[in-house]
Amino acid sequence: MATSGFICGLDAALAVIGGKWKPLILFHLAHEARRYGDLRRTIGNVSDKMLIQQLKELEADGIVDRLDFKEIPPKVEYSLTEFGQTLAEALKPLCVWGTEHMIEVEKLMSRRGTPEVEKVA
């Protein structure tokens with residue numbers, strides 16, 4: 001069996017989806033391909049710089065496809081690759097857990113003094 005630099009499978013997965021925005025990008029692209037502006041509005045309080053950086057990293061990792069229609073005004077669409085779809089499927093149980101425990105998590109964040117996370121549709 002080949003060895004890797006990862007401690008476990010979770011370590012490997014987090015290397016790909018680490019950060020605040022990548023899981024949300026995956027969540028929204030799992031449902032359908034989206035244009036940049038639509039994705040930004042759907043995700044919410046993310047800066048253009050950060051969203052572009054995260055999309056470029058996901059594209060470089062083979063998780064996201066970027067389709068440039070070569071039109072003016074520019075039309076670019078993002079979607080998940082087949083590999084990206086497998087990652088989105090792996091995140092579904094985490095989404096279910098978050099939905100089931102949203103109120104408890106909001107209470108935890110409140111006790112920590114953490115600003116409430118903007119709700120995503």
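Things to note about the state of the cysteines
- By the definition in use, this model includes 0 disulfides.
- Left unpaired, Cys-8 is separated from the closest cysteine sulfur, that of Cys-95, by 20 Å.
- Accessibility expressed as a relative area gives 33% for Cys-95, which makes it partly exposed.

Topic: the packing of aromatic side chains
- Here the structure, examined in full by the defined rule, presents 0 aromatic pairs.
- One residue, Lys-75, lies across the ring of Phe-69, its end atom 4.4 Å from the ring centre.

Here's the deal with the sheet that holds strand 1 (residues 34–35)
- Ordered by their spatial adjacency, 3 strands build an open sheet running 1-3-2, and the pairing between neighbours is antiparallel. Of all strands in the sheet, those with a lone pairing partner are strand 1 and strand 2 (64–68), marking the two edges.
- As judged from the 2 bridges shared by strand 1 and strand 3 (residues 76–80), these two strands associate in the antiparallel manner. Residue pairing across strands places Arg-35 opposite Glu-77, the latter belonging to strand 3.

Rules used throughout
- Residues numbered from 1 in each chain as written.
- Predicted model: local features only at pLDDT ≥ 70, side-chain atom pairs only at ≥ 80, totals over all residues.
- Heavy atoms only, no water.
- Disulfide = S-S within 2.5 Å.
- Buried < 20%, exposed > 50% of the residue type's maximum accessible area, 1.4 Å probe, protein only.
- Phe/Tyr/Trp six-rings, centres within 6.5 Å; stacked < 30°, edge-to-face > 60°.
- Lys NZ or Arg CZ within 6 Å of the ring centre and 35° of its normal.
- Pairing = 2+ DSSP bridges.
- Helix = DSSP H or I, 4+ residues; strand = E, 2+ residues; numbered from the N terminus.

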